[in-house]
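Structural overview
Listed below are the residues making up each chain.
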Amino acid sequence: MVHEEDFFLERWIAYWRRFVPDEHIYVLNHGGNAEVARIAAGCNVIRLPYDRMKKSVNQRRWQVLSQHASALTQFYNWVACNDVDEFIVLDPAVSTDLVGYLAEISERHPVPPAITTFAIEMVHVPDLEPEPLLSGQPIVGRRRCYRLNSNYAKPCLISAPTEFKAGGHGANHAQICLDPNLYNFHLRFIDHDYCMARFARSLERRLDGKSEEEKAQMRSGGWGWNSVEKTFRWLSSLRPEAETIEHPEFRRQMTEHPILRPPFTLMGGGRPGKLFRLPPRFDGIL
């Protein structure tokens with residue numbers, strides 16, 4: 001479900017077209033943006049009204065996504081549901097056939113109602129990775145730095161009706177299936193200049209229609225999109241500590257210490273203040 005995200009949507013559509021034909025790709029066009037419709041032409045594009053009131057937008061958005069994705073499980077073995085800046089990646093050391101990999105999981109008994117993907121939150125460190133991102137060129141390779149953030153270890157592959165927590169950060173399944181080979185690449189920090197401008201636009205959208213007093217309160221708050229610029233500046237000043245994607249201890253913390261917010265289950269582990277570097281085998285994966 002997308003409003004105005006040309007940079008990410010172009011890449012998101014191109015990525016999924018590697019694995020499935022357009023008839024199996026669904027884009028909910030929030031507000032009927034013409035560029036969204038153009039980029040996703042050929043896919044299933046569903047136009048939704050824009051939320052002028054902006055009341056509990058994120059909660060309502062994920063209610064819509066929960067219902068839409070759940071309905072699709074009546075027709076598909078697996079439904080991937082995520083934000084436009086998130087990419088479900090299979091470890092290339094295992095296979096390049098994501099659909100085939102999921103088909104094998106469908107043969108298990110029982111089939112998990114949801115698969116949680118390990119979070120890789122990419123972070124652009126301009127001093128180490130000065131090259132710009134170019135249209136039609138791979139992202140991973142030019143960008144290899146990342147941090148661990150269990151918020152984005154999402155149950156974003158579902159085989160049965162599911163209710164997602166707002167943001168998709170958890171679901172109403174008590175059973176956790178953290179796949180050892182599937183990753184959720186989160187790209188909100190993938191390019192310094194583009195992402196800083198994106199954060200500013202997103203904040204201004206949230207301020208639109210608010211009183212001056214409300215705007216002042218929102219700008220001074222340490223929440224969500226208002227604090228993300230500060231977070232990015234801090235992360236991009238760090239240096240990778242190791243080249244790895246294993247993190248066995250962090251994986252254990254995620255599953256053995258889940259966060260329970262009934263009816264939702266979220267991953268434990270938090271978001272350590274360290275950067276790591278992807279192994280070269282992931283270069284060009286997206």
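Residues numbered from 1 in each chain as written. Predicted model: local features only at pLDDT ≥ 70, side-chain atom pairs only at ≥ 80, totals over all residues. Heavy atoms only, no water.

**A word on the overall build of the protein**
Heads up, the condition is: Working definition: helices are DSSP H or I runs of at least four residues, strands are E runs of at least two. Numbering for both runs from the N terminus. Type-normalised accessible area, obtained with a 1.4 Å probe on protein chains alone, sets the label of each residue: buried when under 20%, exposed when over 50%, and partly exposed for intermediate values. Contacts are residue-level and defined by heavy atoms, with any inter-residue pair within 4.5 Å sufficient. In short, Shrake-Rupley with a 1.4 Å probe defines the accessible areas, and a residue's cover is counted only from the protein chains shown. The charged-residue count follows a simple rule in which Lys and Arg add positive charge and Asp and Glu add negative charge, with His and chain termini not counted at all. In this description, the location of a charge corresponds to atom NZ of lysine, CZ of arginine, CG of aspartate or CD of glutamate.
Secondary structure assignment for the protein yields eight helices and 13 strands. Considered along the principal axes of its C-alpha atoms, the protein spans approximately 55 × 45 × 40 Å. Buried residues in the protein amount to 49% of all 286 residues. The contacts in the protein between residues at least 6 apart in sequence include a share of 74% that link residues at least 24 apart. When the accessible surface of the protein is summed, it comes to about 13,700 Å², and 51% of that surface belongs to carbon and sulfur atoms. Across the protein, the 35 positively charged side chains and the 35 negatively charged ones have centroids separated by 4 Å.

**Quick word on the environment of G270**
Locating G270 in the fold gives a position in the loop between β12 (264–266) and β13 (275–277). Since its relative accessible area comes to 34%, G270 is described here as partly exposed. Distance from G270 to L148, taken between C-alpha atoms, is 8.1 Å for residues 122 residues apart in sequence. Beyond its immediate stretch of four places on either side in the chain, G270 contacts L148, N149, S150 and F250.

**Some thoughts on helix α4 (residues 98–106)**
This is how it is decided: Taking the helix axis as origin, the arc is that swept by the directions to the C-beta atoms.
Here α4 has its buried residues at L98, Y101, L102, I105 and S106. Taken around the axis of α4, the buried residues stretch over an arc of 150 degrees, which confines them to a single face. For α4, the elements touching its buried residues are α1 (6–16), β4 (86–90), β5 (114–123), β7 (157–158) and β9 (178–189).

**A few points about unusual backbone geometry**
P110 follows H109 through a cis peptide bond whose omega is -5 degrees. Among the secondary structure elements, P110 is positioned in the loop between α4 and β5. The residue after P262, namely P263, is reached through a cis peptide bond having omega 5 degrees. Along the chain, the position of P263 falls in the loop between β11 (259–261) and β12. Although it is not a glycine, H247 adopts a positive phi angle of roughly 50 degrees.

**Some remarks on the domain arrangement of the protein**
The condition that has to hold: The start and end points of each domain follow an automatic or database-based domain assignment. Throughout, buried area stands for the accessible area (probe radius 1.4 Å) lost by two parts on being put together, summed over both. In the sections that follow, a salt bridge refers to a side-chain nitrogen of Lys or Arg positioned within 4 Å of a carboxyl oxygen of Asp or Glu. Nitrogen and oxygen atoms within 3.5 Å of one another constitute a polar contact, given that in protein one can donate a hydrogen and the other can accept it, and given that sequence-neighbouring residues count only through two side-chain atoms.
Assigned domains within the protein: domain 1 (1–54) and domain 2 (76–208 + 223–282). For domain 1 versus domain 2, the separation of C-alpha centres amounts to 20 Å. Residue-level contacts link 18 residues of domain 1 with 23 residues of domain 2. In this assembly, domain 1 packs against domain 2 so that about 1,900 Å² is buried in total across both faces, 63% of it on carbon and sulfur atoms. At the surface where domain 1 touches domain 2, the tally comes to one salt bridge. Two residues, R198 and E5, come together in a salt bridge whose shortest N-O distance is 3.0 Å. Our enumeration of links across domain 1 and domain 2 arrives at five residue pairs in polar contact (both at pLDDT 80 or more). For the side of domain 1 that touches domain 2, the leading source of residues is α1, giving seven residues.

**Structural notes on the nonpolar core**
We apply this condition: Definition of nonpolar core: a set of buried residues of the types Ala, Val, Leu, Ile, Met, Phe, Trp, Tyr and Cys, connected through side-chain atoms within 4.5 Å.
Counting residues in hydrophobic clusters, the biggest one holds 66 residues, and the most contacted among them are F185 and L286. Of the residues forming this core, the biggest block, seven residues, is contributed by α1. Viewed by domain, this core spans two of them, domain 1 (1–54) and domain 2 (76–208 + 223–282), each represented by three or more residues. Once you skip the residues sitting within four places of it in the chain, L286 turns out to touch Y15, R18, F87, V89, P138, I139, V140, F185 and L187. Within the second largest apolar cluster, twelve residues are counted, among which are L28, W62, A114 and I158.

**What about the pairing of β9?**
Operational definition: Two strands pair under a simple rule: DSSP has to find at least two bridges between them.
A large share of β9 lies buried, amounting to eleven of its twelve residues. In terms of strand pairing, β4 meets β9 through five bridges, oriented antiparallel. For L90, the partnering residue across the bridge sits in β9 and is L182. Summarising the sheet, β5 and β9 pair through six bridges and their orientation is parallel. Paired with F118 across the bridge in β9 is Y183.

**Here's the deal with helix α3 (residues 57–72)**
Our working definition: Take the number of residues in a helix, subtract one, and multiply by 1.5 Å to get its expected span.
The end-to-end C-alpha separation of α3 is 23 Å, in line with the 22 Å expected for 16 residues at 1.5 Å each. Among the residues of α3, R61, W62, L65, S66, A69, S70 and L72 are the ones counted as buried. Take α3 and look down its axis: the buried residues cluster within an arc of 160 degrees, on one side only. Structurally, α3 contributes buried residues whose contacts are with β1 (26–30), β3 (79–80) and β7.

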